[in-house]
Amino acid sequence: MFKSLFKPLNPPIKDWAGKRVWIVGASSGIGAALAIALLDLGAKVAVSARRADRLNELVDSHPDGKNAIVIPFDVTDSDAWSQAVDEVVAHLGELDLVVLGAARYDPQHAWNLNMDEVRASYELNVISMYEAVKHLVPRLLTQRHGGLAIIGSISGYTGLPRAVVYGATKSALQNFTETLYFELEPKGLGVYLISPGFVKTPMTAKNDFEMPGLMTPAQAAQAIISGMARGQFEIRFPRGFANGLRWVSRLPYRWRFPLLHRATKQ
Ligand SMILES: NC(=O)c1ccc[n+]([C@@H]2O[C@H](COP(=O)([O-])OP(=O)(O)OC[C@H]3O[C@@H](n4cnc5c(N)ncnc54)[C@H](OP(=O)(O)O)[C@@H]3O)[C@@H](O)[C@H]2O)c1
């Protein structure tokens, strides 16, 4: 009992050589950097997103690009999911890990909501994750091994300024991924929640404020790989900033709100 309290929550992944990994949301930013890092480590990688040209560029420019396949599709399209899963499995065979990172971010205020953006954000950031689970979990359960990694965000920890849409979708993913862990870990699957802080990608290029702890996509990819080597459930980075926000998010509202107001100058 005591020993199990210190056991890794997921099977640690230390050796990536020959591992079969599907990265969804791999045409730029964190997903692209992770694809490159895993190819560097000898993994066989399938990369997906809508922009086939960007995916092809990524694969063609890597010395081990022959170990990668490009499966472009739109994750908000349910029919496209089943076709994409079939294609990936046909190329890679049994999957060791699927990383789900497609998302959109549009900072909004509560007094000026764009409802098209609200719907599109939930469709992409949340509903597409259900599509992934619907299409992938039965296969992974048949394999009896493999894992799912959901990219959330530390912005899901607590309400934050201008995150009324994005932050709420990422908060939903935290609960979603915790529940997947409860249900799938006893059946032999790994479930990882990846919680990035600020990473310099096309997604954050629109931010007009100083981003604390800003990382490069390559650093984010290394943090993900390190977290998986430790078999963590939640892989959060950068450690100092992400742990700090998590700690603040556990404070009583009476202290948390003024602290966050002051820190974000809102
Ligand atoms: N950057 C950060 O500071 C930060 C912080 C916390 C969490 N995150 C999370 O990290 C993940 C990656 O973000 P990023 O910063 O690397 O952003 P990014 O560079 O904008 O990457 C987003 C990826 O999602 C893909 N995508 C978007 N809509 C899609 C669709 N309908 N179907 C298929 N793919 C789609 C994009 O490709 P196409 O446009 O080619 O489809 C792209 O590959 C996201 O889940 C994001 O929320 C990022």
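Residues numbered from 1 in each chain as written. Predicted model: local features only at pLDDT ≥ 70, side-chain atom pairs only at ≥ 80, totals over all residues. Heavy atoms only, no water.

Here the focus is the UniProt feature "transmembrane region" (unreviewed entry) in the protein chain. Mapped onto this numbering, the UniProt entry annotates "transmembrane region" (unreviewed entry) at residues 20-41. In this annotation, residues 20-41 is assigned 55% helix and 23% strand; the end-to-end C-alpha distance for the span is 12 Å. (UniProt positions renumbered as here; feature names shortened; annotations may be inferred. Helix = DSSP H or I, 4+ residues; strand = E, 2+ residues; numbered from the N terminus.)

Another point: the pattern of salt bridges. The full count for this structure, using the stated rule, is 6 salt bridges. As a salt-bridge pair, R139 and D86 come within 2.3 Å of each other at their nearest N and O atoms. Taken together, the positions of R139 in helix α4 (residues 115-143) and D86 in helix α3 (residues 78-92) put the pair 53 residues apart, joining distant regions of the chain. Judged by its relative accessible area of 33%, R139 falls in the partly exposed class. D86 sits in the partly exposed class, given a relative accessible area of 40%. Here E117 and R104 are joined by a salt bridge, their closest N and O atoms 2.8 Å apart. With E117 in helix α4 and R104 in the loop between β4 (97-100) and α4, this residue pair connects regions lying 13 residues apart in the sequence. Since its relative accessible area comes to 9%, E117 is described here as buried. (Salt bridge = Lys/Arg side-chain N within 4 Å of Asp/Glu carboxyl O. Buried < 20%, exposed > 50% of the residue type's maximum accessible area, 1.4 Å probe, protein only.)

As a further point, take the packing of α3 against α4. Packing of α3 against α4 brings their axes to within 10 Å, and their N-to-C directions diverge by 40 degrees. One element, α3, and the other, α4, form an angle in the oblique class. For the crossing formed where α3 meets α4, the hand is right-handed. Within the contact between the two elements, α3 uses S78, W81, S82, V85, D86 and V89 and α4 uses S128, E131, A132, H135, L136 and R139. Residue classes in the contact of α3 with α4 are distributed as 5 nonpolar, 4 polar and 3 charged. (Axes fitted to C-alpha atoms, helices over the stretch in contact; angles between N-to-C directions. Parallel < 35°, antiparallel > 145°, perpendicular 65-115°, else oblique. Left-handed = near helix turned anticlockwise from the far one by under 90°. Contact = heavy atoms within 4.5 Å. Nonpolar A, V, L, I, M, F, W, Y, C, P; charged D, E, K, R; others polar.)

Here we take up the pairing of strand β1 (residues 20-24). A regular strand carries its side chains on alternate faces of the sheet. The buried count for β1 comes to 4 of 5 residues, which makes it a mostly enclosed element. Summarising the sheet, β1 and strand β2 (residues 44-48) pair through 5 bridges and their orientation is parallel. Each bridged residue has a counterpart across the sheet, and for W22 the counterpart in β2 is A46. As for the winding sense of the linkage, the β-α-β connection from β1 through helix α1 (residues 29-40) to β2 is right-handed. In the sheet, β1 pairs with β4 via 4 bridges, with the strands oriented parallel. By the bridge assignment for β4, V24 is matched with L100. (Pairing = 2+ DSSP bridges. Right-handed = clockwise from strand over helix to strand, strands pointing away.)

Moving on, we get to empty space enclosed by the protein. Gaps left between atoms show up when a probe the size of a water molecule is rolled over them. The final tally for this structure, using the stated rule, is 1 cavity of 30 Å³ or more. Within this model, the largest cavity holds a volume of roughly 30 Å³. Lining the largest cavity are V24, V75, W81, L100, G101, A102, S128 and M129. Residue composition of the lining of the largest cavity, grouped by class: 6 nonpolar, 2 polar and no charged. (1 Å grid on protein atoms, 1.4 Å probe; cavity = no way out; pocket = protein on both sides within 12 Å on 5 of 7 lines; lining within 4 Å. Points joined across faces, edges and corners; volume = space filled by probe spheres on them.)

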